[in-house]
Structures are given as structure tokens and as C-alpha cells.
Amino acid sequence: MGEAFSGAQALTEIDLTECSITAIPGTAFEVTGIKELVIPDSIGSIGSWFVWACYDLEKVVIGTGVTSIGNAAFNGDTKLEAIIINKPVTSASDVPTIDATQSIPANAVVYVPTQREEALYEANATWHALFGADRIRPLTNYQVGSEYFQTIQAAYQYIVDT
């Protein structure tokens, strides 16, 4: 994949669900017109600068397989409002690593599956430094506008209740 989409400002959406890749290399989607990006569960790592300067990017949904996010991954994404992390975690060691050299818009919020995960992310020094306690929230607080996100919420609520 490499820099295959880098600079493709006309690219406003992409479906990665059928991809057989296990990592998204750095700069893969930098300076594109993508508004929403869903990282499938098959992806294990996200490279540095992967959505750098995507000025229209509003939401990133990160699948359950992601264990690391490279440096400056979200730099310059001025409209980014939501980073939704679907990975359930049961201990601090399950929290995906994120490089501390990020420039994340002040209005961007990280949504995690439940309040239990919220506490684990807040306890992680890097996540806490980047977002603070007020910008890490359980997914149930996310104002859903699409059927996809409503389905995610319903699935996690079922898991929590059972």
C-alpha cells in the first residue's frame, strides 16, 4: 500500500474491509479528502503520519486488531472529532500503544467500548497526556448519526450486559 493514496485529495471514501493487509504503512492516506475511515479488525498496526493533513477527516474507527499507532498519525486533521476504538481491553497491557508525538485537534475525543476501558485508557500515561480525562469517553456517550455506529453500540451493550 505504501503511499498509494497519498495526496489524492479527490479520494473522499475508501472501503478497507476486503483488504488482506495487516498493517497500514505511514503516509498511506496523508493529504486525502477522506471524511471517515474505518480500520478493519485485521489491521495490527498503523504507521506514522497515516492520515496526516486530511483536512476533511471527521471520524476514524479503529478495529479490534490494532495494537500500535505511529507518531503524528493524526497531525493536521483539523476537523477530526472522533477516534472510535473498538478494541475491548481488560488490563493496562491491552491498551494500544500510541506515539506521544501527536498534534491532535482540541475538539477530538477518543471513544472506547465501556467505562472500564475508559479508566484503563485514562490511566495510560501517553493516552492521558494526549487527551486528558475529559476527552476519553465510553462509546455509549457518542452521538451516533449512522446505522454503523448504532450497530457497534448495540453490540457492545450486549457484551456488557451478558
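Quick notes on the rules
- Residues numbered from 1 in each chain as written.
- Predicted model: local features only at pLDDT ≥ 70, side-chain atom pairs only at ≥ 80, totals over all residues.
- Heavy atoms only, no water.
- Helix = DSSP H or I, 4+ residues; strand = E, 2+ residues; numbered from the N terminus.
- Buried < 20%, exposed > 50% of the residue type's maximum accessible area, 1.4 Å probe, protein only.
- Core = buried A, V, L, I, M, F, W, Y, C linked by side-chain atoms within 4.5 Å.
- Contact = heavy atoms within 4.5 Å.
- Salt bridge = Lys/Arg side-chain N within 4 Å of Asp/Glu carboxyl O.
- Pairing = 2+ DSSP bridges.
- Axes fitted to C-alpha atoms, helices over the stretch in contact; angles between N-to-C directions.

**Thoughts on unusual backbone geometry**
For Val31, which is not glycine, the phi dihedral falls at a positive 55°. Among the structural elements, Val31 can be located in the loop between strand 1 (23-24) and strand 2 (36-39). A positive phi angle, near 55°, is found at Ala53, a position not held by glycine. Looking at where Ala53 falls in the secondary structure, it is placed in the loop between strand 3 (45-46) and strand 4 (59-62). For Ala53, a relative accessible area of 2% gives the class buried.

**Section: the nonpolar core**
Judged by nonpolar contacts, the single largest core of 36 residues is most densely connected at Ile39, Phe50, Phe74 and Trp127. It is helix 2 (residues 125-131) that contributes the most residues to this core, three residues altogether. Ile39 has contacts with Leu16, Ile24, Ile46, Phe50, Val60, Val61, Ile62, Gly63 and Val66, leaving out every residue within four places of it along the chain. With seven residues, the next largest nonpolar core counts Ile84, Tyr111, Leu139 and Tyr142 among its residues.

**A closer look at the pattern of salt bridges**
Enumeration according to the criterion identifies two salt bridges in this entry. Across the pair Lys79 and Asp56 runs a salt bridge whose closest N-O atoms are separated by 3.4 Å. Residue Lys79 is located in the loop between strand 5 (68-69) and strand 6 (82-85), and its partner Asp56 is located in the loop between strand 3 and strand 4; the two are separated by 23 residues in the primary sequence. Its relative accessible area of 42% is what places Lys79 among the partly exposed residues. The class of Asp56 is partly exposed, set by a relative accessible area of 31%. Glu117 is paired through a salt bridge with Arg116; the nearest N and O atoms lie 3.3 Å apart. Assessed through its relative accessible area of 1%, Glu117 is described here as buried.

**Concerning the sheet that holds strand 8 (residues 109-112)**
With parallel pairing, five strands are arranged side by side in an open sheet as 2-4-6-8-9. Edge positions in the sheet fall to strand 2 and strand 9 (136-138), since each has one partner strand and no second. The average angle at which neighbouring strand axes cross in this sheet is 20°, direction not considered. Judged from the three bridges that link them, strand 8 and strand 9 form a sheet pairing that is parallel. Directly across from Tyr111, in strand 9, lies its bridge partner Arg137. Across the face of the sheet, helix 1 (residues 115-123) comes into contact with strand 6, strand 8 and strand 9 while running at roughly 165° to strand 9.

**Things to note about the pairing of strand 8**
Within a regular strand, side chains alternate between the sheet's two faces. What you see with strand 8 is no split at all: Val109 and Tyr111 on one side and Val110 and Val112 on the other are buried throughout. In terms of strand pairing, strand 6 meets strand 8 through three bridges, oriented parallel. Its bridge partner lying in strand 8, Ile84 is registered against Tyr111.

**Focus on the sheet that holds strand 7 (residues 97-98)**
Strand order in the open sheet formed by four strands is 1-3-5-7, with parallel pairing between adjacent strands. In this open sheet, the two strands that pair with only one neighbour each are strand 1 and strand 7. Taken together, the two bridges between strand 5 and strand 7 define a ladder with parallel strand orientation. Its bridge partner lying in strand 7, Ser68 is registered against Thr97.

Without other data, these values stay purely geometric and don't point to any function.
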